[in-house]
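Fold and contact review
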Amino acid sequence: SLYFPLNFPTWYMCTPKSALPLYGIPVVDPKSDIKSIKIGIHKRNVQVNPNNTPLSLNEEEWEEIRHAARHSIQGSVDMPWPCAKPCLYTMSPDENFIVGSPAGTERVYCVAGLSGHGFKMVPALGQIMADWALQQDLSQWNTEFVSPRRFGF
């Protein structure tokens, strides 16, 4: 019960014993009594072709996850590992979102490069998109630092 959702919220951590940041979220399948946590390693910086993505982890990737969990999550050595799957997401070169109109394309507005954690920002990003679509004043939103123009677009 230590890792059930009420006791174990969404988290992100960096530890000296893990080379890359580790994140996790509780997983509750309403069709099952099984409770689990999703564990992921952020910033692996591995480029893949989404059309040829492996459907499972290789042994090195499994060991990377187990090592990070062993040194970060109490009791994880004894945890069952029912499955593991690659999880793809887009990330901009500076790891910030891309939000705004590319230069010379005021009729196009982009929201991309959410680095695997954009789901937390969807309410605000949706409001920005709605304000843009309705031609509202966007000055209340400080989006200059995430503008696609920072990359010369």
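The paragraphs below set out a description of the structure included in this document. As the structure is a prediction and not an experimental result, all values here were calculated from the model. For every chain, the first residue of the written sequence is number 1, and numbering continues from 1 onward in sequence order. Note on the predicted model: pLDDT of at least 70 is required for a residue's local features to be given, and 80 or more for side-chain atom pairs to be given and counted; whole-chain, interface and lining totals, by contrast, use all residues. Remark: hydrogens and water are excluded; side-chain values derive from all non-hydrogen atoms of the structure.

Some points on the overall build of the chain
Applied cut-off: Each helix corresponds to a stretch of at least 4 residues labelled H or I by DSSP, and each strand to a stretch of at least 2 residues labelled E; elements are numbered beginning at the N terminus. A radius of gyration in this sense is built from C-alpha atoms; the matching globule rule multiplies 2.2 Å by the number of residues raised to 0.38. A 1.4 Å probe rolled over the protein chains alone gives each residue an accessible area, and that area as a share of the maximum for its type sets the label: buried under 20%, exposed over 50%, partly exposed in between. Residues count as neighbours in contact if any of their non-hydrogen atoms are within 4.5 Å of one another. Method for areas: the Shrake-Rupley scheme with a 1.4 Å probe, in which residue coverage is limited to the protein chains shown. For the charge count, each Lys or Arg is scored as positive and each Asp or Glu as negative, with His and the chain ends excluded. Note on charges: their place is set at NZ of Lys, CZ of Arg, CG of Asp or CD of Glu.
Looking only at helices and strands, one finds two helices and five strands in the chain. Beginning at the N terminus, the succession of helices and strands in the chain can be written as β-β-β-α-β-β-α. Against the globule reference of 15 Å for 153 residues, the chain gives a C-alpha radius of gyration of 19 Å, more extended than a compact globule. For the C-alpha atoms alone, the extent of the chain along its principal axes is close to 55 × 30 × 30 Å. Classification of the 153 residues of the chain by burial places 27% in the buried group. Sequence-distant contacts in the chain: of pairs separated by 6 or more residues, those separated by 24 or more amount to 48%. In the form shown here, the chain has an accessible surface area of approximately 10700 Å², with 57% of it arising from carbon and sulfur atoms. Put simply, the chain has 13 plus and 14 minus side-chain charges, and the middle of one group is 2 Å from the middle of the other.

Examining the environment of V27
Along the chain, V27 turns up in strand β2 (residues 22–28). A relative accessible area of 31% places V27 in the partly exposed class. The sequence separation of V27 and K38 amounts to 11 residues, and the corresponding C-alpha distance is 6.4 Å.

Description of the nonpolar core
Threshold: In these notes, a set of buried Ala, Val, Leu, Ile, Met, Phe, Trp, Tyr and Cys residues joined through side-chain atoms within 4.5 Å is what counts as a nonpolar core.
Grouped together as the largest cluster of nonpolar side chains are 10 residues: F8, W11, L22, I37, I39, I41, I65, A68, A69 and I73. Every element with two or more residues in this core is listed here: β3 (35–41) and α1 (59–70). If near-sequence neighbours (up to four positions away) are discounted, W11 is found in contact with L22, Y23, G24, I25 and I73. Of all hydrophobic cores here, the second largest spans six residues; its members include V99, Y109, I128 and V146.

So, the packing of aromatic side chains
Our working rule: Geometry of aromatic contacts follows a simple scheme: Phe, Tyr and Trp rings, the Trp one being its six-membered ring, pair when their centres are within 6.5 Å, and the pair is stacked under 30 degrees between planes, edge-to-face over 60, tilted otherwise.
This structure, assessed with the given rule, holds two aromatic pairs. Aromatic side chains F151 and F153 sit 6.1 Å apart centroid to centroid with 55 degrees between the ring planes, which places their arrangement in the tilted category. On the basis of relative accessible area, F151 is assigned to the partly exposed category, the value being 27%.

Here we look at the environment of T143
In this structure, T143 sits in the segment after α2 (122–133). Given the relative accessible area of 18%, T143 is considered buried. Separated by 46 residues in sequence, T143 and F97 place their C-alpha atoms 9.4 Å apart. Setting aside residues no more than four positions away along its own chain, T143 makes contact with V99, Y109 and I128.

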